[in-house]
Amino acid sequence: MEMVNKIVSEKPLVVFSKTSCCMSHTIKSLFYDFGVNPTVYELDEISSGRDIEQVLLRLGCDPTVPAVFIGGEFVGGANEIMSLHLNRSLKPLLKRAGALWV
């Protein structure tokens, strides 16, 4: 748990993802389209990926990817991010966290 807390507190936007997950790709693409550069951890490519996945499950991330943290806080997965985007709340949230400067 401490490792994940440390990771997400160091950057304004952190996405835990898997290279094989189409929803992770969609969420990362959305951020890139905004001009945001998220810090991305591909859990299937890092040695601590399984441990991080277990922590994400304990935090309520189910499915575990994509898991998006903005400003050090868990915001949710693909459904939550798309809902925020559709109701025009995502960009202001990113701005407040310092991830979006436009």
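If you're wondering where the values come from, they're calculated on a predicted model, not measured in any experiment.

Below, the discussion takes up the packing of helix α2 (residues 22-33) against helix α4 (residues 78-86). The interhelical angle for the contact between α2 and α4, taken along N-to-C directions, is 30°, at an axis separation of 10 Å. Viewed along their axes, α2 and α4 adopt a mutual orientation that is roughly parallel. Every pair of crossing elements has a handedness; the one defined by α2 and α4 is left-handed. Across the interface between the two elements, Met23, Ile27, Leu30 and Phe31 from α2 touch Ala78, Ile81, Met82 and His85 from α4. A per-class count over the contact of α2 with α4 returns seven nonpolar, one polar and no charged.

The biggest cluster of nonpolar side chains holds 16 residues, and the ones touching the most others in it are Leu13, Phe31, Leu90 and Leu94. Those elements that provide at least two residues to this core are β1 (13-17), α2, β3 (67-70), α4 and α5 (90-97). Ignoring sequence-local partners within four residues, the contact set of phenylalanine 31 consists of Leu13, Val15, Val36, Pro38, Val68, Ile81, Leu90 and Leu94. One finds Val8, Phe16, Leu43 and Ile52 within the second-largest nonpolar core, a separate group that totals 14 residues.

The subject of this paragraph is the packing of aromatic side chains. Tallied over the entire structure, the rule returns three aromatic pairs. An aromatic cluster of at least three residues, connected via ring pairs, comprises Phe16, Tyr41, Phe69 and Phe74.

To continue, consider unusual backbone geometry. For the bond from aspartate 62 to proline 63, the omega torsion is 10°, close enough to zero to count as cis. Along the chain, proline 63 falls in the loop between α3 (49-58) and β3. Here the bond from valine 65 into proline 66 is cis, since omega is -10°, no more than 30 degrees from zero. Here proline 66 shows up in the loop between α3 and β3. Phi angles above zero are rare outside glycine, and arginine 88 is one such case at about 65°. Tracing the chain through its elements places arginine 88 in the loop between α4 and α5.

Strand order in this open sheet of four strands is β2-β1-β3-β4, and the pairing throughout is mixed. On the outer flanks of this sheet lie β2 (39-42) and β4 (73-76), each paired with one strand and no other. Neighbour to neighbour, the strand axes of the sheet diverge by 25° on average, direction disregarded. In this structure, β3 lies alongside β4, joined through three bridges in antiparallel fashion. Bridged to isoleucine 70 within β4 is glutamate 73. On the sheet, α4 packs against β3 and β4 and is oriented at approximately 85° with respect to β4.

Reading the values: rules and limits
Residues numbered from 1 in each chain as written. Predicted model: local features only at pLDDT ≥ 70, side-chain atom pairs only at ≥ 80, totals over all residues. Heavy atoms only, no water. Axes fitted to C-alpha atoms, helices over the stretch in contact; angles between N-to-C directions. Helix = DSSP H or I, 4+ residues; strand = E, 2+ residues; numbered from the N terminus. Parallel < 35°, antiparallel > 145°, perpendicular 65-115°, else oblique. Left-handed = near helix turned anticlockwise from the far one by under 90°. Contact = heavy atoms within 4.5 Å. Nonpolar A, V, L, I, M, F, W, Y, C, P; charged D, E, K, R; others polar. Core = buried A, V, L, I, M, F, W, Y, C linked by side-chain atoms within 4.5 Å. Buried < 20%, exposed > 50% of the residue type's maximum accessible area, 1.4 Å probe, protein only. Phe/Tyr/Trp six-rings, centres within 6.5 Å; stacked < 30°, edge-to-face > 60°. Pairing = 2+ DSSP bridges.

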